[in-house]
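One letter stands for each residue in the lines below.
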Amino acid sequence: QVQLVESGGGLVQAGGSLRLSCAASGSIVSSNAMGWYRQAPGKQREWVATITSRYSIANYADSVKGRFTISRDNAKNTVYLQMNSLKPEDTAVYYCNRVPLTMATRWGQGTQVTVSS
């Protein structure tokens with residue numbers, strides 16, 4: 001029943017910025033910790049950032065720390081990922097989901113981010 005729709009991806013040059021959005025069903029965003037994940041071609045899905053439900057505490061992978069910012073808008077039931085100073089190695093399909101992940105976790109279509117040199 002959980003529905004998560006990612007959007008905001010696109011093609012940008014290195015050093016550029018994008019803001020990704022994750023629109024969720026119900027009260028998922030306000031009631032759960034949320035996370036962003038990404039998967040590059042030929043690589044495993046990796047964790048990018050999380051934000052807690054209670055205090056909106058954010059954590060980031062070392063690879064994006066200082067460049068990406070995760071936030072949420074409970075009224076809009078939406079999670080965002082502001083990506084600045086993008087690098088070619090950030091190229092991937094980006095996904096959002098509830099945290100923690102479980103064996104029953106389902107993934108949406110994600111949104112493609114392509115960073116060119």
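Caption draft 1: How the structure looks around the side chain of D90. In this fold, D90 is placed in the loop between β8 (78-83) and β9 (92-99). Among residues more than four places away in sequence, those in contact with D90 are R38, V64, R67, F68, S85, V113 and V115.

Caption draft 2: Representation of the nonpolar core in the model. Within the largest apolar cluster, 28 residues are counted, with the highest numbers of intra-cluster contacts made by W36, V48, F68, I70, L81, M83 and Y94. Mapped onto this core, the elements with two or more residues apiece are β3 (18-24), α1 (28-31), β4 (33-39), β5 (46-51), β7 (68-73), β8, β9 and β10 (111-116). Here the element with the most residues in this core is β3; it accounts for four residues. Apart from residues lying up to four places away in sequence, V48 is in contact with W36, Y37, R38, N59, Y60, A61, V64, F68, L81 and Y94.

Caption draft 3: How the structure looks around the side chain of R38. Looking at the secondary structure, you find R38 in strand β4. Relative accessible area serves as the criterion here: at 5%, R38 is assigned to the buried category. Side chain to side chain, R38 and D90 meet in a polar contact 2.9 Å long. Residues contacting R38, with those up to four places away along its chain left out, are Q44, R45, E46, V48, S63, V64, F68, E89, D90, A92, V93 and Y94.

Caption draft 4: Structural context of the pattern of salt bridges. Following the criterion strictly, the structure yields four salt bridges and no others. R38 is paired through a salt bridge with D90; the nearest N and O atoms lie 2.9 Å apart. Here R38, found in strand β4, pairs with D90, found in the loop between β8 and β9; they are 52 residues apart in sequence, far enough to count as distant. Across the pair, D90 and R38 agree in class, each one buried. Residues joined by salt bridges that share partners form a network here, namely R38, E46, R67 and D90.

Caption draft 5: Quick look at the environment of A49. Relative to the assigned elements, A49 resides in strand β5. Judged by its relative accessible area of 0%, A49 is buried. On a C-alpha basis, the gap between A49 and M34 in space is 8.4 Å, while along the polypeptide they are 15 residues apart. With sequence-adjacent residues up to four places away left out, A49 is seen in contact with M34, G35, W36, N59, Y60, I70 and L81.

Rules used throughout
- Residues numbered from 1 in each chain as written.
- Predicted model: local features only at pLDDT ≥ 70, side-chain atom pairs only at ≥ 80, totals over all residues.
- Heavy atoms only, no water.
- Helix = DSSP H or I, 4+ residues; strand = E, 2+ residues; numbered from the N terminus.
- Contact = heavy atoms within 4.5 Å.
- Core = buried A, V, L, I, M, F, W, Y, C linked by side-chain atoms within 4.5 Å.
- Buried < 20%, exposed > 50% of the residue type's maximum accessible area, 1.4 Å probe, protein only.
- Polar contact = N/O pair within 3.5 Å; in protein donor to acceptor, adjacent residues only side chain to side chain.
- Salt bridge = Lys/Arg side-chain N within 4 Å of Asp/Glu carboxyl O.

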